Amino acid sequence: MARMAGRRVLFAAPVLLVVTFGVFAVAAASPFDPVKAYAGTAGLTASQDDLDQLRANLGVDQPLVTRWWDWLTAALTGDLGDSSVLRQPVADVIGERLGWSVLLAGTAFLVATVLGTGLGVLAARRTGGWFDRCLSSAAYTLEAAPAFWLGLLAIWFFALKLDVLPAGGLTDTASDTVTFGQVASHLVLPAAVLGVSQLPWFHLYVRQGVADALAEDAVRGARARGLSERTVLLGHALRSGMLPMLTLVGSRVPELITGALLVETVFSWPGIAAATVQAATSVDFPLLAALTVLATAAVLLGNLLSDLLYGLADPRVGFDG
């Protein structure tokens, strides 16, 4: 296990280098001008000399490779630079928002895995039945539904029509303090929407895996020995059927990150979505690079986690093979 994790870490280093350079290259080719974005309305009346001086102060007058290398060497020492659009250190921007994004994504992932697994097991018991057909149809429909559309639909129904849940934000409009109750109530809709958007894949993988396991000779033998259906299902079929789903964990991380950005925007959740959009549209090199590295690291970590879970669940899989 340690050897495989070490290999993944060594592999991650050049990947992150290429990703950060790609961010700077794409940003340099972008039609957006970071100087005008930084200056705002004042840039409309500023002289060319003032704009050139501001460009030098921001460091965007340097060649692409120089900008990337300066940022990389500083980042390796812990200095992620300053965000030109948010006017604060990049580390502070991420620190203030990352926790809320992790809370949303983690809750949604828990919803997706628990509900997806439970519904998948129930559907696998009677494959082809009306319950299985209804769930499979709903799953395929949800696969095609964008997360932002589900969010707008949830706001219309639960917040506007029924008025049972807040439409967005982290706390109530009139509140100036953050309390557990307010955060919990405001988390319900965005976490449910993001979780439901990821649920179909977990449901379909578990359904197929458990259905295939129920048809194996070992499961038939367990039934022949008189074991209860619950023991056969949970003790034999579920463990074998869950193996394909474990490989899904890592592959869903990019979709979870993308979905979280959309859901955060729809529900005005104070995560990193707004900072990501601002960094992209304003060509904020330091913030854009740091957020991209963070997302890439999350994807690599998700892939490693899925491999570790698969190896722990199936002893036949060697970690060092």
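Residues numbered from 1 in each chain as written. Predicted model: local features only at pLDDT ≥ 70, side-chain atom pairs only at ≥ 80, totals over all residues. Heavy atoms only, no water.

A. Main features of a nonpolar patch on the surface. Taken together, the side chains of Phe 148, Trp 149, Leu 152, Leu 153, Trp 156, Phe 157, Phe 158, Leu 160, Leu 162, Val 164 and Leu 262 present a nonpolar region at the surface, about 1,100 Å² in accessible area. Sort the elements by how many residues they give to the nonpolar patch and helix 7 (residues 147-161) lands first, with 8 residues. Here Phe 157 is to be found in helix 7. (Patch = residues over 30% accessible without salt bridge, like charges linked within 9 Å, V, L, I, M, F, W, Y side chains within 5 Å. Areas by Shrake-Rupley, 256 points an atom, 1.4 Å probe, with all protein chains shown as cover. Salt bridge = Lys/Arg side-chain N within 4 Å of Asp/Glu carboxyl O. Helix = DSSP H or I, 4+ residues; strand = E, 2+ residues; numbered from the N terminus.)

B. Highlighting the layout of surface pockets. Its volume calculated, the largest pocket comes out at about 650 Å³. Surrounding the largest pocket, 25 residues form its lining, Ala 105, Val 253, Leu 256, Ile 257 and Ala 298 being those nearest its centre. Elements with a minimum of two residues in the lining of the largest pocket: helix 5 (90-125), helix 10 (229-266) and helix 12 (285-313). Of all the elements, helix 12 adds the most residues to the lining of the largest pocket, at 9 residues. Grouping the constituent residues of the lining of the largest pocket by class yields 18 nonpolar, 5 polar and 2 charged. (1 Å grid on protein atoms, 1.4 Å probe; cavity = no way out; pocket = protein on both sides within 12 Å on 5 of 7 lines; lining within 4 Å. Points joined across faces, edges and corners; volume = space filled by probe spheres on them. Nonpolar A, V, L, I, M, F, W, Y, C, P; charged D, E, K, R; others polar.)

C. Inspection of the packing of helix 6 (residues 130-143) against helix 8 (residues 180-214) at higher detail. Relative orientation of the contacting elements helix 6 and helix 8 amounts to 135°, with a least axis distance of 8 Å. Comparing their axes, helix 8 and helix 6 come out oblique. For the crossing formed where helix 6 meets helix 8, the hand is left-handed. Facing helix 6, whose interface residues are Asp 132, Leu 135, Ser 136, Ala 139, Tyr 140, Leu 142 and Glu 143, helix 8 presents Val 196, Pro 200, Trp 201, His 203, Leu 204 and Arg 207. Across the contact of helix 6 with helix 8, the residue classes break down as 8 nonpolar, 2 polar and 3 charged. (Axes fitted to C-alpha atoms, helices over the stretch in contact; angles between N-to-C directions. Parallel < 35°, antiparallel > 145°, perpendicular 65-115°, else oblique. Left-handed = near helix turned anticlockwise from the far one by under 90°. Contact = heavy atoms within 4.5 Å.)

D. Broad picture of helix 6. Under the 1.5 Å per step criterion, the end-to-end length of helix 6 is 20 Å for 14 residues, consistent within 8% with the ideal 20 Å. Within helix 6, burial applies to Asp 132, Leu 135, Ser 136 and Ala 139. The arc that holds the buried residues of helix 6, viewed along the axis, is 100°, so those residues lie on one side. In helix 6, the exposed positions that point more than 90 degrees away from the buried face belong to Trp 130 and Thr 141. Buried residues belonging to helix 6 abut helix 5 and helix 8. (Expected span 1.5 Å × (residues − 1). Buried < 20%, exposed > 50% of the residue type's maximum accessible area, 1.4 Å probe, protein only. Arc of directions from axis to C-beta.)

E. Looking closely at the side chain of Arg 207. Within the secondary structure, Arg 207 sits in helix 8. The class for Arg 207 is buried, based on a relative accessible area of 16%. In contact with Arg 207, not counting residues within four places along its chain, are Gly 120, Ala 123, Ala 124, Thr 127, Asp 132 and Ser 136.

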